[in-house]
Amino acid sequence: MRPLQISAARARRAAVATVPAVAALTLSLGMCPAAFGAVPAPCGGVAQISDPAGDGHHPNTDVLSAWFSEEAGRLQAVIKVTTGNWQPLHRFSDKAGWLILFDVGGQTHFARVEALPTGEVRYDYGTWTLAGGFVTAGATTGEVAAGPNGTATIDVPAETGAVAGALLAKPFVLTYEHDLSLPDPYELVDRAPGGVTATEAVFGADYVVGSCPPSPAAGSGGDPNAGAGDATSATTAVVLDAPKRRVGSGPVRASGRVVPARGGVTVQVSVKPSASTSVPIVRSVQTLGDGSFSVLLPVAESSTISAVGDGINAQTLVVTVQSTIRMTLRRLKGGKTVVGGLVRPRLPGRVLLLRTNAATPSATARARNGHFRFTARRFARGRYEAVFIPSGNRAERSTSASGVIR
Amino acid sequence: MITLRHHIHLIAVLASALVLGAATAASAHTEVKSTSPAGGATVKSTLTKVTVTFTGELKRGTLRVTGPGGKVVSAGSGGRDPRNTSRLIVGLKSSLKPGSYTASWTVVAADGHKQKGSFHFKLRK
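About the cut-offs
- Residues numbered from 1 in each chain as written.
- Chains lettered and ligands numbered in written order.
- Predicted model: local features only at pLDDT ≥ 70, side-chain atom pairs only at ≥ 80, totals over all residues.
- Helix = DSSP H or I, 4+ residues; strand = E, 2+ residues; numbered from the N terminus.
- Buried ≥ 20, exposed ≤ 12 C-beta atoms within 10 Å, placed from the backbone.
- Contact = placed C-beta atoms within 7 Å.
- Pairing = 2+ DSSP bridges.
- Axes fitted to C-alpha atoms, helices over the stretch in contact; angles between N-to-C directions.
- Core = buried A, V, L, I, M, F, W, Y, C linked by C-beta atoms within 7 Å.
- pLDDT = per-residue confidence, 0-100.

1. Regarding the overall build of chain B
Item 1. Of regular secondary structure, chain B possesses 1 helix and 8 strands.
Item 2. Taking all 125 residues of chain B together, 29% fall into the buried category.
Item 3. Across chain B, contacts joining residues at least 24 apart in sequence account for 58% of those joining residues at least 6 apart.

Shown next as structure tokens:
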């Protein structure tokens, strides 16, 4: 079903056709309820892609999650955004786009919905390369739903290689505003999972086409084991979970499960600092009888965690580390004050000494091996706190408890 | 009775509202999340700082507070808070008098959009 799409031009036309004013205003605000088909649920209730809210520039291009579904008896991709408002919002954009990309046989394919300022919404599929960009192969069908948690459902044609048994690997979503006045007209505004660039090494979970046919109970989101055969079947999905945030030092526990659930499957869980190109640390773990696994990972700074079992990748997760900082004030004989402290984890970075109501620091120091020390001869009296700014986005900045220099 | 001219005028106003609504949405990337003190609040005159927290990261910004008679009571022009890059902070001079105060801010958001705004609060003894 085509969604309700309202633009200024269309509203003007509608108004000239003597649509009652109140109705026009209601439509303009997007408050008119529209009847949409049910959005196909993710297989087993777990989306292949999840992404934090608020990192997508506008609510309509801010991706929350995305998944493949075969609930409707055919393969569909669903992209959920903070607010479904299917039109470009930048003043000079001629269109906006939402697309899911995935690898089949080493080629990156996409299924896309694009919306024009006129309110027209169109669906297509094709291939994408970093050098060549988006190359449309043909039109497809779909529907969009407006409002909070809005969705775009795109039929994924078999021409993308998404045939029964095919592995749709490394899926991710891009959203963009398209502005022809820019050197690169595709102004990316959100990547899910990840930030905003197309080349980030974080992906959603792989999906095997045909692994999740419609279940007898409508709306259950498919039965992840229905098409998987007996307990000796190959893995069709790996689900990974880990804390999104860790404060201070210490390992992080990553856990998950394989689908279909069975024991003895080797899952390799790897962790790598997000801000470095170092070799990841890999831990191998066997699944228990219920298909679950759990492993402790050393996380010394903000890192990406990934897992692969039977060649099927789970969604890449990001663990953000928040440093802790402790400041000590010591007054020496003769009135001199020494300000020092500890930072955990022991990351490199700068430490600022600030009055509690100041925007500019009174002193700065380097954190080395988790220690810092301010060597100014004399500090003005007052209440101070220390702020740690890790280098290279290794962790979030952190603030110590305040202390008074008398 | 609504004449055709009235109807067309109303339609034009509605159409303008639509266009303005779109323009507002296009520029509303980083918004004020909260202020301290809250806009319109009355707080003790022992207040030492004013902050404005936004929904997104800031590149830079200024924050200035003026009191009764338009007197500047903020210490310096303030700036992005090193503790939280989504926040502006400015210290206040001591011994502030009760009365009405205005905090005016300007920011350049991380995506380059410039914005400005202000809010009011009152100080009591």
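From this point, the narrative continues.
2. A short note on the overall build of chain A
Item 1. Tallying secondary structure elements over chain A gives 2 helices and 31 strands in all.
Item 2. Taking all 406 residues of chain A together, the buried fraction comes to 44%.
Item 3. Look at the contacts in chain A between residues 6 or more apart in sequence, and 60% of them connect residues 24 or more apart.

3. Some details on unusual backbone geometry
Residues and elements named next belong to chain A.
Item 1. Note the cis peptide between Val259 and Pro260, where omega equals -5°.
Item 2. Examined against the element boundaries, Pro260 turns out to sit in the loop between β17 (252–259) and β18 (266–273).
Item 3. Across the junction of Arg344 and Pro345, the peptide omega takes the value -5°, indicating a cis bond.
Item 4. Looking at the secondary structure, you find Pro345 in the loop between β25 (337–344) and β26 (349–355).
Item 5. Residues other than glycine seldom take positive phi values, yet Lys170 does so here, at roughly 45°.
Item 6. In this structure, Asp310 takes a positive phi of about 55° despite not being glycine.
Item 7. With respect to the helices and strands, Asp310 occurs in the loop between β21 (303–309) and β22 (312–313).

4. Describing the pairing of strand β3 (residues 49–54) of chain B
All names here are of chain B.
Item 1. Most of β3 is tucked away: 5 of the 6 residues are buried.
Item 2. Direction of pairing for β3 relative to strand β6 (residues 84–92): antiparallel, over a ladder of 5 bridges. Bridge pairing links Lys49 to Gly91 in β6.

5. With respect to the sheet that holds strand β1 (residues 32–36) of chain B
Residues and elements named next belong to chain B.
Item 1. The antiparallel open sheet is built from 4 strands, whose spatial order is β1-β3-β6-β5. Looking along the sheet, the strands with just one partner apiece sit at the ends: β1 and β5 (74–81). Neighbour-to-neighbour, the strand axes of this sheet turn through a mean angle of 15°, independent of strand direction.
Item 2. Sheet topology note: the β5/β6 ladder contains 5 bridges and is antiparallel. In the sheet register, Ser74 faces β6, and the bridge partner there is Leu92.

6. Re the nonpolar core
Item 1. Among the nonpolar cores identified, the biggest contains 107 residues, and Ala66(A), Ala77(A), Ile79(A), Ile100(A), Val173(A), Val238(A) and Leu240(A) are the most heavily contacted of them.
Item 2. Of the residues forming this core, the biggest block, 7 residues, is contributed by strand β12 (residues 167–178) of chain A.

7. Looking at the pairing of strand β3 (residues 76–81) of chain A
Residue and element names in this part refer to chain A.
Item 1. The element β3 is largely enclosed, with a buried count of 6 among its 6 residues.
Item 2. Two strands pair when backbone bridges link them, and strand β2 (residues 63–69) and β3 are joined in this way by 6 bridges, in the antiparallel orientation. Among the inter-strand pairings, Trp67 is bridged to a residue of β3, identified as Val78.
Item 3. Joining the antiparallel neighbours β2 and β3 is a turn of 6 residues, in which Gly73 adopts a positive phi near 85°.
Item 4. Relative to strand β11 (residues 151–155), β3 runs antiparallel, the two sharing 5 bridges. The partner of Val78 across the bridge, within β11, is Thr153.

8. Quick notes on the sheet that holds strand β24 (residues 324–331) of chain A
All names here are of chain A.
Item 1. On the basis of which strands lie adjacent, the open sheet formed by 3 strands has the order β24-β25-β28 and antiparallel pairing. Only two strands of the sheet have a single partner each, and these edge strands are β24 and β28 (371–374). Taking the axes of each pair of neighbouring strands and ignoring which way they run, one obtains an average angle of 20° across the sheet.
Item 2. Looking at chain direction, β24 and β25 are connected through 8 bridges and run antiparallel.

9. Thoughts on the confidence of the model for chain B
Residues and elements named next belong to chain B.
Item 1. For chain B, per-residue confidence averages 81 on the pLDDT scale, and residues scoring 70 or more make up 77% of the total.
Item 2. Within chain B, the lowest mean pLDDT, 39, falls on helix α1 (residues 4–27), and the highest, 96, falls on β3.
Item 3. Low pLDDT, under 50, characterises residues 1–28; the predicted model gives this stretch 28 contacts beyond four residues in sequence or across chains.
Item 4. Complex prediction metrics read pTM 0.74 and ipTM 0.72.

10. Some thoughts on the environment of Gly45(A)
Item 1. Mapping Gly45(A) onto the fold places it in the loop between α2 (21–28) and β1 (49–50).
Item 2. Sequence spacing of Gly45(A) and Trp67(A) is 22 residues, and the spatial spacing of their C-alpha atoms is 9.7 Å.

11. So, the confidence of the model for chain A
Item 1. Across chain A, pLDDT averages 85, with 86% of residues at or above 70.
Item 2. Contacts for the low-pLDDT stretch residues 1–35 of chain A, under 50 throughout, to residues beyond four places or in other chains number 65 contacts.

12. Let's talk about the environment of Arg262(A)
Residue and element names in this part refer to chain A.
Item 1. Take Arg262: it is sitting in the loop between β17 and β18.
Item 2. Overall, the presence of 20 C-beta atoms within 10 Å leaves Arg262 in the buried class.
Item 3. With 27 residues separating them in the primary sequence, Arg262 and Thr235 have C-alpha atoms 9.0 Å apart.

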